[in-house]
Amino acid sequence: RNRVAEMDCRARSSLRATASTSAAPRARRLDVRCMARKPTRLSQNKKRAKLRDNAEKARRTKLRRELNSRSTAPGELTPQQRVDAADHEARRWLGQHFLIDHSVILDALDAAAVTDGDRILEIGPGTGNLTVELVKAGAVITAVEKDRNLADKLRTQYDGDDAVTVHEADFLKWNVAREFEDVTAKVAELNAVGADERGVYPGDAHRAKVVANIPYNITTDILKQLLPMGDTFRDMVFMFQEEVARRLIRADSGASDYRPMSVRVHYYSEPYYIRPVTASCFDPPPNVESCLVGFRPKPRRELPALRGTEKQFFSFVQACFAQKRKMLKNNLRAVCDDEVIAAALEDLGRDEKTRAQQLTMEEYVRLFNFVRLKGVGRRESELSSRVQSAEKESKTLRERRSRVERATSRLVAQAVGRDVLDEEDDDDEGIVEV
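Residues numbered from 1 in each chain as written. Predicted model: local features only at pLDDT ≥ 70, side-chain atom pairs only at ≥ 80, totals over all residues. Heavy atoms only, no water.

A. Seen up close, the side chain of Asp118. Assignment of secondary structure puts Asp118 in the loop between α4 (102-112) and β2 (119-123). Overall, the relative accessible area of 10% leaves Asp118 in the buried class. A polar atom in the side chain of Asp118 sits 2.8 Å from the backbone nitrogen of Thr115. Discounting chain neighbours no more than four positions away, the residues touching Asp118 are Ala113, Gly138, Ala139, Val140, Lys209 and Arg234. (Helix = DSSP H or I, 4+ residues; strand = E, 2+ residues; numbered from the N terminus. Buried < 20%, exposed > 50% of the residue type's maximum accessible area, 1.4 Å probe, protein only. Polar contact = N/O pair within 3.5 Å; in protein donor to acceptor, adjacent residues only side chain to side chain. Contact = heavy atoms within 4.5 Å.)

B. Structural view of a positive patch on the surface. Taken together, the side chains of Arg400, Arg403, Arg406 and Arg410 define a basic patch exposed on the protein surface. Take Arg400: it is sitting in helix α15 (residues 361-429). (Patch = residues over 30% accessible without salt bridge, like charges linked within 9 Å, V, L, I, M, F, W, Y side chains within 5 Å. Areas by Shrake-Rupley, 256 points an atom, 1.4 Å probe, with all protein chains shown as cover. Salt bridge = Lys/Arg side-chain N within 4 Å of Asp/Glu carboxyl O. Lys, Arg positive; Asp, Glu negative; His and termini not counted. Charge placed at Lys NZ, Arg CZ, Asp CG, Glu CD.)

C. Representation of unusual backbone geometry. Cis geometry is adopted by the peptide bond preceding Pro284, which originates at Asp283 and carries an omega value of -5 degrees. Note that Pro284 resides in the loop between β8 (282-283) and β9 (290-297). The phi dihedral of Asp87 falls on the positive side, at around 50 degrees, and the residue is not glycine. Relative to the helices and strands, Asp87 resides in the loop between α3 (79-86) and β1 (98-99). Since its relative accessible area comes to 68%, Asp87 is described here as exposed.

D. Local environment of the sheet that holds β9. The seven strands lie next to each other as β4-β3-β2-β5-β6-β9-β7, forming an open sheet whose pairing is mixed. Across the chains shown, the open sheet's two edge strands, defined by having one partner strand only, are β4 (164-168) and β7 (269-277). Ignoring which end each strand starts from, the neighbouring axes of this sheet average 20 degrees apart. Bridging between β2 and strand β3 (residues 140-145) involves five bridges; their strand directions are parallel. In the strand pairing of β3, Arg119 is matched with Val140. Helix α5 (residues 129-136) rests against β2, β3, β4 and β5 (208-212) of the sheet, and its axis sits at about 175 degrees to β2. Sheet strands in contact with helix α6 (residues 148-157) are β3 and β4, and its direction is about 160 degrees off that of β4. (Pairing = 2+ DSSP bridges. Axes fitted to C-alpha atoms, helices over the stretch in contact; angles between N-to-C directions.)

E. Summary view of the environment of Cys320. Along the chain, Cys320 turns up in helix α12 (residues 310-320). Taking relative accessible area as the criterion, Cys320 reaches 0% and is therefore assigned buried. Considering only alpha carbons, one finds Cys320 and Asn331, 11 residues apart in sequence, at a separation of 5.4 Å. Excluding anything up to four places from it in sequence, Cys320 contacts Leu328, Asn331, Leu332, Ala356 and Tyr364.

F. Focus on the confidence of the model for the chain. With 76% of its residues at a pLDDT of 70 or more, the chain has an overall mean of 81. For the stretch residues 418-434, pLDDT sits under 50, and the model shows zero contacts to residues farther than four places along the chain or on other chains. (pLDDT = per-residue confidence, 0-100.)

G. The arrangement of the nonpolar core in detail. Judged by nonpolar contacts, the single largest core of 62 residues is most densely connected at Leu121, Leu226, Phe238 and Phe240. The biggest single contributor to this core is α15, with seven residues. In contact with Phe238, not counting residues within four places along its chain, are Ile123, Val210, Ala212, Ile214, Ile222, Leu223, Leu226, Cys291, Leu292, Val293 and Phe295. Ile105, Ala139, Val166 and Val277 belong to the second-largest nonpolar core, a separate cluster that totals 26 residues. (Core = buried A, V, L, I, M, F, W, Y, C linked by side-chain atoms within 4.5 Å.)

H. A look at α6. Those residues of α6 that fall on the buried side of the exposure criterion are Leu150, Ala151 and Leu154. With its buried residues spanning 100 degrees around the axis, α6 presents them on a single face. More than 90 degrees from the buried face of α6, the exposed residues found are Arg148 and Thr156. For α6, the secondary structure elements touched by its buried residues are β1, β3 and β4. Taking the backbone nitrogen of Asn149 as reference, a side-chain oxygen 3.0 Å away marks Asp147 as the first, capping residue of α6. (Arc of directions from axis to C-beta.)

I. Seen up close, the pairing of β2. Among the five residues that make up β2, five are buried, leaving the element largely enclosed by the rest of the structure. Residue alternation in β2 divides its side chains into two sets, Arg119, Leu121 and Ile123 and Ile120 and Glu122, and both sets are buried. For the handedness criterion, the β-α-β arrangement of β2, α5 and β3 is classed as right-handed. Where β2 lies against β5, two bridges are found, and the strand directions are parallel. Opposite Leu121, over in β5, you have Val210 as the bridge partner. (Right-handed = clockwise from strand over helix to strand, strands pointing away.)

J. Up close: the packing of helix α11 (residues 260-268) against α12. At a minimum axis distance of 9 Å, the contact between α11 and α12 shows a crossing angle of 145 degrees. For the pair α11 and α12, the sense of crossing is right-handed. In contact with Pro260, Val263, Arg264, Tyr267 and Tyr268 of α11, α12 contributes Glu310, Phe313, Phe314, Val317 and Gln318. When grouped by side-chain class, the residues that make up the contact of α11 with α12 number seven nonpolar, one polar and two charged. (Left-handed = near helix turned anticlockwise from the far one by under 90°. Nonpolar A, V, L, I, M, F, W, Y, C, P; charged D, E, K, R; others polar.)

K. Layout of the packing of helix α9 (residues 219-226) against α11. Two numbers describe how α9 lies on α11: the axes approach to 10 Å, and their chain directions differ by 35 degrees. Our pair here, α9 against α11, has a crossing hand that is left-handed. Where α9 approaches α11, its residues Thr220, Leu223 and Lys224 are matched on the opposing element by Met261, Arg264 and Val265. Here the contact of α9 with α11 is composed, by residue class, of three nonpolar, one polar and two charged.

Have a look at this one:
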């Protein structure tokens, strides 16, 4: 306390002297007071928890370094050494956090079951820690890197290697379908013969895979682009933020973190959790905890049937989640009337107090199809009534138009006839009877 008080007095006196000397002669003297911040006192429990966390981080760092040194061959760079050798300053605005834990890299390859000859899409290869292991597994890699510096280094590293193709591009603006159209065509050709006696389509095994440590700020956009491509990709393994991944792969409804994106993920794929990844596994470490999460996209033939387009379905789901605090029937009033809402909830076996986050993906498909069926019937009746009214209106207009045309023709005929009579009279005036 005496030290704090002494610091407070020194700071106050120095600031007063500075204010008095720097101010103008006629200016008003400023009385500036600076209160020294008192040190934060931690409770014994918090101190013990902090010590435990620091010890756990140190243990994991030591274990990671030992695993990296053991798992790499003699003369080969470790993931940390490869990041250091790249001499690249991570750009936070690109979401660059380079993976340096060799065990996590191997777990990602095991989850995707990468084998010799597999076609792999890697988004954001960075310094190439994951790319090296994919090349060892015998995969054919298509890497998309937005950072020009890292893309040039990867091209130089794999110059002359046909197994690695590096594209310098923004993945969200890159044409994935065109790059993998040969895979899609081959799968469609093999599946054209139909399923075998076990019900397995032969072309599904030739689909490509995705293994990537993607930036966390574009995870949703990447999923929206890749998950509908079930006829092209069969396994996807991504590095996700832990909280986001738990929310997306949640299969049970009713939780507060259940979102429309959860419905989209389960509509297009079968998500599964692989393992947690701590912040110490990255360089630089992110401010959040991470995890490996996988997706098995469904082929188009296995998607639930919809009475409409997929865009209409997800717009409908988004409307149901428009106001989460409200009941589902209140959100549905923007789409259909109360009679259809009551009948739809009764068809689902739900009460009137049901909220949007309580329905599963299958229930949303049933709800959408039911509303579309009732809405289409009502629209057809409205359309028929409008057609009948239009026919009546057109008949009235036709009759009115015919009356106008007849009246106009009479007037024209009368005018023409009068002119003719006048001309005949004029001609008679020039004739002399004998």
